[in-house]
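Single-letter residue listing:
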Amino acid sequence: LGAVGGYQGLLERYPLALPPNATGPCGRPRPDAFHLLRHPSTGDLPWPGLVLGLGIISAWYWCTDQVIVQRCLAGRSLTHVRAGCVVCGYLKVLPMFLMVLPGMAARVLFPEVVGCADPQGCSRACGSALGCSNVAYPRLVLSLLPPGLRGLMLAVVLAALMSSLASIFASSAALFTLDVYRKVRPGAGPRHLLLAGRLWVVAMVGLSLAWLPVVEAARGGQLFDYMQALASYLAPPVAAVFFLAVFVPRVNEP
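Residues numbered from 1 in each chain as written. Predicted model: local features only at pLDDT ≥ 70, side-chain atom pairs only at ≥ 80, totals over all residues. Heavy atoms only, no water.

Enquirer: What should I look at first to understand the overall build of the protein chain in this one?
Expert: When helices and strands are counted, the protein chain shows 10 helices and 0 strands. In the protein chain, the order of α-helices and β-strands from amino to carboxyl end is α-α-α-α-α-α-α-α-α-α. Counting only C-alpha atoms and orienting by the principal axes, one finds that the protein chain spans roughly 70 × 40 × 35 Å. Taking all contacts inside the protein chain whose residues are at least 6 apart in sequence as the whole, residues at least 24 apart take part in 51%. As displayed, the protein chain has an accessible area near 17,300 Å², and 70% of this comes from carbon and sulfur atoms. Looking at charge distribution, the protein chain has the averaged site of its 19 positive side-chain charges lying 10 Å from that of its 10 negative ones. (Helix = DSSP H or I, 4+ residues; strand = E, 2+ residues; numbered from the N terminus. Contact = heavy atoms within 4.5 Å. Areas by Shrake-Rupley, 256 points an atom, 1.4 Å probe, with all protein chains shown as cover. Lys, Arg positive; Asp, Glu negative; His and termini not counted. Charge placed at Lys NZ, Arg CZ, Asp CG, Glu CD.)

Structure follows, in structure tokens:
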């Protein structure tokens, strides 16, 4: 934000962040770029879809996702768990300032790359014909931070990535071992179940590596779009079952 003149500078310069040789509306920043709730029919993120979609995805993620539930079950008491969830809710406001605004600043600073508008220009800039938003963050880090902080930032990103992956794989192993494998082998002891969980993690890592070409092909390698699209397919049925379980006692297992 300092590099673009603060928030006021971002307000003034973002509408002018045009890529070279931009023609038509494709290369122009949207006039409602600074509006969170956008027009219900002409907005790229219509506000009814944003409110309802985020409500469904949030209910799925915060209330039923195994990673979140597993961490809540590790709390000292129900009060600690509730307080932790409230704190996380406030922390969820930070990505607007940690991710969205720096991403917009990256377009101002590197319009020819982050703001590329045509497939040929995007392919030349970052190797993806559908857009170069994936390179906004690394371009900011490499261009604005001094050498020592670049390494620290890289370490932070890798640590966060490893922590998330460890939680996901551990949750997957717990679900498979306790809900599937123990039903198949009811006489398995703790060491047997532990070994089965570890083998399942190895299998999941292999599947994840094999799935990388699919991620690259889907949505032109736009990882965040792919993740949100996947969540949008998975979340509604799980959220529906959760809401029914909360408000209709007969839905629950005796």
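After that view, the rundown keeps rolling.
Enquirer: Sorry, what's going on with the environment of Ala-17 here?
Expert: Topologically, Ala-17 is positioned in the loop between helix H1 (6-13) and helix H2 (47-64). In this structure, the C-alpha to C-alpha distance between Ala-17 and Asp-179, residues 162 residues apart in sequence, is 52 Å. Ala-17 has contacts with Gly-27, Pro-29, Arg-107, Val-108 and Pro-111, leaving out every residue within four places of it along the chain.

Enquirer: I would appreciate a short explanation of the environment of Thr-177 in the present structure.
Expert: Within the secondary structure, Thr-177 sits in helix H8 (residues 147-184). Sequence-wise, Thr-177 and Val-4 are 173 residues apart; in three dimensions their C-alpha atoms are separated by 51 Å. Those residues in contact with Thr-177 that sit more than four places away from it in its chain are Arg-182, Leu-193, Ala-196 and Gly-197. In this structure the side chain of Thr-177 is engaged in a polar contact, spanning 2.7 Å, whose partner is the backbone oxygen of Ala-173. (Polar contact = N/O pair within 3.5 Å; in protein donor to acceptor, adjacent residues only side chain to side chain.)

Enquirer: Help me understand the state of the cysteines, please; the structure alone is not making it clear to me.
Expert: Disulfides are covalent bonds that link the sulfur atoms of two cysteine residues. Applying the stated criterion across every chain, the model contains 2 disulfides. Here Cys-116 is linked by a disulfide to Cys-122, with a sulfur-sulfur distance of 2.1 Å. Across the S-S bond linking Cys-116 and Cys-122, the dihedral sits near 105°, which makes this disulfide right-handed. Exposure class is identical for Cys-116 and Cys-122. Each is buried. With its sulfur 2.1 Å from that of its partner, Cys-126 forms a disulfide with Cys-132. An S-S torsion of about -85° defines the bridge between Cys-126 and Cys-132 as left-handed. When the bonded cysteines of the protein chain are numbered from the N-terminus onward, they pair as 1-2, 3-4. (Disulfide = S-S within 2.5 Å. Buried < 20%, exposed > 50% of the residue type's maximum accessible area, 1.4 Å probe, protein only.)

Enquirer: Would you mind going over the confidence of the model for the protein chain with me for this structure?
Expert: Residues shown with low pLDDT carry predicted positions that ought not to be read at fine detail. Scored by pLDDT, the protein chain comes out at a mean of 87, with 96% of its residues at no less than 70. Taken element by element, the predicted model of the protein chain shows its lowest mean pLDDT in helix H6 (residues 119-126) (82) and its highest in H1 (94). (pLDDT = per-residue confidence, 0-100.)

Enquirer: Whenever I open this one, the pattern of salt bridges confuses me. Can you help?
Expert: Where side chains of opposite charge bring their charged atoms close, a pairing between them can arise. Across all of its chains, the model carries 3 salt bridges by this definition. A salt bridge links Arg-30 to Asp-32; the nearest nitrogen and oxygen atoms lie 3.0 Å apart. Judged by relative accessible area, Arg-30 falls into the partly exposed class, the value being 33%. Residue Arg-38 is joined to Asp-44 by a salt bridge in which the shortest nitrogen-to-oxygen separation is 2.7 Å. Judged by relative accessible area, which is 42%, Asp-44 ranks as partly exposed. (Salt bridge = Lys/Arg side-chain N within 4 Å of Asp/Glu carboxyl O.)

Enquirer: I keep staring at the packing of aromatic side chains and nothing clicks. Help me out?
Expert: Any two aromatic rings considered together are summarised by their centre-to-centre distance and by the angle between their planes. In this structure the tally under the stated criterion is 7 aromatic pairs. On the numbers, 5.8 Å between centres and 85° between planes, the contact of Tyr-14 with Phe-34 is edge-to-face. Remark: Phe-34 occurs in the loop between H1 and H2 and Tyr-14 occurs in the loop between H1 and H2; sequence separation between them is 20 residues. Within the aromatic cluster, the residues linked to one another by ring pairs are Tyr-7, Tyr-14 and Phe-34. Above the face of the Phe-110 ring, Arg-139 is positioned so that its terminal group lies 5.6 Å from the ring centre. (Phe/Tyr/Trp six-rings, centres within 6.5 Å; stacked < 30°, edge-to-face > 60°. Lys NZ or Arg CZ within 6 Å of the ring centre and 35° of its normal.)

Enquirer: It is not clear to me how the side chain of Arg-38 should be interpreted in this structure. Could you clarify?
Expert: With respect to the secondary-structure elements, Arg-38 resides in the loop between H1 and H2. One polar contact links the side chain of Arg-38 to the main-chain carbonyl oxygen of Asp-32, over a distance of 3.3 Å. A polar atom in the side chain of Arg-38 sits 2.7 Å from the side chain of Asp-44. Filtering out sequence-adjacent residues up to four positions away, Arg-38 remains in contact with Arg-30, Asp-32, Ala-33, Gly-43, Asp-44, Leu-45, Pro-46 and Trp-47.

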